Amino acid sequence: MSRLVTILGGSGFVGRYIARAMAKEGWRVRVACRRPNEALFVKPYGAPGQVEPVACNIRDDASVRAVIRGADAVVNCVGTFDRGGKNNFQAVQADAPGRIARIATEEGVQALVHISAIGADGDSPSIYGRSKAAGEAAVSAAFPGAVILRPSVIFGTEDGFFNRFGAMAALSPVLPVAKAWTKFQPVHVTDVAQAAVKGVLGQASPGIYELGGPEIASFRDLMQKMLGVIHRRRLILNVPTPIMKVMAFAFDMVEAMTLGLVRNKMITRDQLHSLGVDNVVAPGAKGLADLGIAPTAMEAVLPEYLWRYRASGQYAAIKDSAKNLKKA
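Residues numbered from 1 in each chain as written. Predicted model: local features only at pLDDT ≥ 70, side-chain atom pairs only at ≥ 80, totals over all residues. Heavy atoms only, no water.

With that settled, consider the environment of Pro283. In this structure, Pro283 sits in the loop between helix H9 (269–274) and helix H10 (302–306). In the structure, Pro283 is positioned 73 residues away from Glu210 in sequence and 10.0 Å away in space, judged by C-alpha atoms. (Helix = DSSP H or I, 4+ residues; strand = E, 2+ residues; numbered from the N terminus.)

Here's what the structure looks like:
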């Protein structure tokens, strides 16, 4: 019988790419998520019955054990940007990784891959960064042979970065950003997925790997690149930090006063703290090169999915060609 991998958070942005890649490797894939009925799209990633979504509450030992039992490998992709609620930073990014690693050890799992993030630091100015560091420490303590991946901002068809700002640029003549000169090293989601696959297959030595693409750019430069891809001219406004602090506080208060019914999808105070630190691979850190993976350039991928934010959408290229015919 083929081997089995359990991917916690396997229906999310990164998890679905790992699930598809592991199915191509011939493994049976158990996609553990909160709402399996909303994750049925993963089933066609493999042959009938090869990829199956199952319910899991990562805050509960019995639930986690049920989805890990019988697995040869485990990948944890679960993460959150929520500071409050039951699935907050502490529960999801600090406590759950330790629970998963402990139970994986108890169940005799052979390989564990944990998806963390660049910025995981016990001294981080953000709760997000500190919770990520706590999760990594718990994983290493319970499963010393784990492979821990720290990607920079991840881009790809379903990303929440370029898509978010592309949608804003399609509606507004001004693109407000905070900490415009903070540097990022965007990494393609398929490269992160391939790194996870190597961890599962035993092709990566245990330890921490920081994953970044071939280009380091400031927040402002990334927005300019995005605008070039969607063929729009917009004013990129670097909002002063004091003003952004007031705005983030106001957005957070609205969410708190509505008990989460109105979500802060703009910027939180904790996200503002995170933006104060460059999000790039540290000098000397192990990375994609150590895994034998050539990083994918943004230019090769962004036009494939950002075209939807162009004024003419999918017909922009045709209209440009028609203009050239008229000139001829």
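When the sulfur atoms of two cysteines share a covalent bond, that bond is a disulfide. Overall, the coordinates contain zero disulfides when judged by the stated rule. For the unlinked cysteine Cys33, the closest cysteine sulfur is that of Cys56, found at 8.7 Å. The thiol of Cys77 is unpaired, and the distance to the nearest cysteine sulfur, on Cys33, comes to 12 Å. (Disulfide = S-S within 2.5 Å.)

Right, let's talk about the side chain of Lys132 for a bit. Mapped onto the elements, Lys132 comes out in helix H4 (residues 127–142). The residues touching Lys132, leaving out its near neighbours within four places in the chain, are Val78, Gly79, Gln93, Ile115, Ser116, Ala117 and Ala120. (Contact = heavy atoms within 4.5 Å.)

Structural remark: α-helix, 3.6 residues per turn; residues separated by three or four positions point the same way. Its 12 residues place the ends of helix H6 (residues 189–200) 17 Å apart at the C-alpha level, agreeing with the 16 Å of an ideal helix rising 1.5 Å per residue. Val189, Asp191, Val192, Ala193, Ala195, Ala196, Val197, Lys198, Gly199 and Val200 are the residues of H6 that are buried. (Expected span 1.5 Å × (residues − 1). Buried < 20%, exposed > 50% of the residue type's maximum accessible area, 1.4 Å probe, protein only.)

Let's shift gears to the pairing of strand E5 (residues 111–115). Within E5, five of the five residues are buried, leaving the element largely enclosed by the surrounding structure. Because side chains alternate across E5, one face comprises the buried residues Ala111, Val113 and Ile115, and the other comprises Leu112 and His114, equally buried. Bridge count between strand E4 (residues 73–76) and E5: four bridges; the pairing is parallel. Residue pairing in the sheet places Asn76 in a bridge with His114 of E5. With respect to chirality, the unit in which E4 leads through helix H3 (residues 89–106) into the neighbouring parallel E5 is right-handed. (Pairing = 2+ DSSP bridges. Right-handed = clockwise from strand over helix to strand, strands pointing away.)

Of all the positions in helix H5 (residues 162–171), only Phe162, Asn163, Phe165, Gly166 and Ala169 are classed as buried. Buried residues along H5 cover an arc of 165 degrees about the axis, so they all sit on one side. (Arc of directions from axis to C-beta.)

Summed over the entire model, instances satisfying the criterion amount to 10 aromatic pairs. Measuring from ring centre to ring centre gives 6.0 Å for Phe161 and Phe184, while their planes differ by 45 degrees; the resulting arrangement is tilted. Of the two residues, Phe161 sits in the loop between strand E7 (154–155) and H5 while Phe184 sits in strand E9 (residues 183–184), which places them 23 residues apart along the sequence. The class of Phe161 is buried, set by a relative accessible area of 11%. Look at Phe184 and Phe219: their rings are 5.8 Å apart centre to centre, the planes differ by 75 degrees, and that puts the pair in the edge-to-face class. (Phe/Tyr/Trp six-rings, centres within 6.5 Å; stacked < 30°, edge-to-face > 60°.)

Let's shift gears to unusual backbone geometry. One non-glycine residue, Lys179, lies in the positive phi region at around 50 degrees. Notably, His231 is not glycine yet its phi reads approximately 60 degrees, a positive angle. Looking at where His231 falls in the secondary structure, it is placed in the loop between helix H7 (219–229) and strand E13 (235–239).

Before going further, it helps to spend a moment on the sheet that holds E5. Sheet architecture is open: seven strands sit in the order E3-E2-E1-E4-E5-E6-E11, paired in parallel fashion. Edge positions in the open sheet fall to strand E3 (51–55) and strand E11 (207–211), since each of these has one partner strand only. The sheet shows a mean angle of 20 degrees between the axes of neighbouring strands, taken without regard to direction. Sheet topology places strand E6 (residues 147–151) next to E11; five bridges connect them, and they run parallel. What sits directly across from Ile148, in E11, is Ile208. Most of the contacts of helix H2 (residues 61–68) go to strand E2 (residues 28–33), to which it runs at about 165 degrees, and overall it touches strand E1 (4–8), E2, E3 and E4. (Axes fitted to C-alpha atoms, helices over the stretch in contact; angles between N-to-C directions.)

In short, the description is geometric, and any link to function would need to be established separately.
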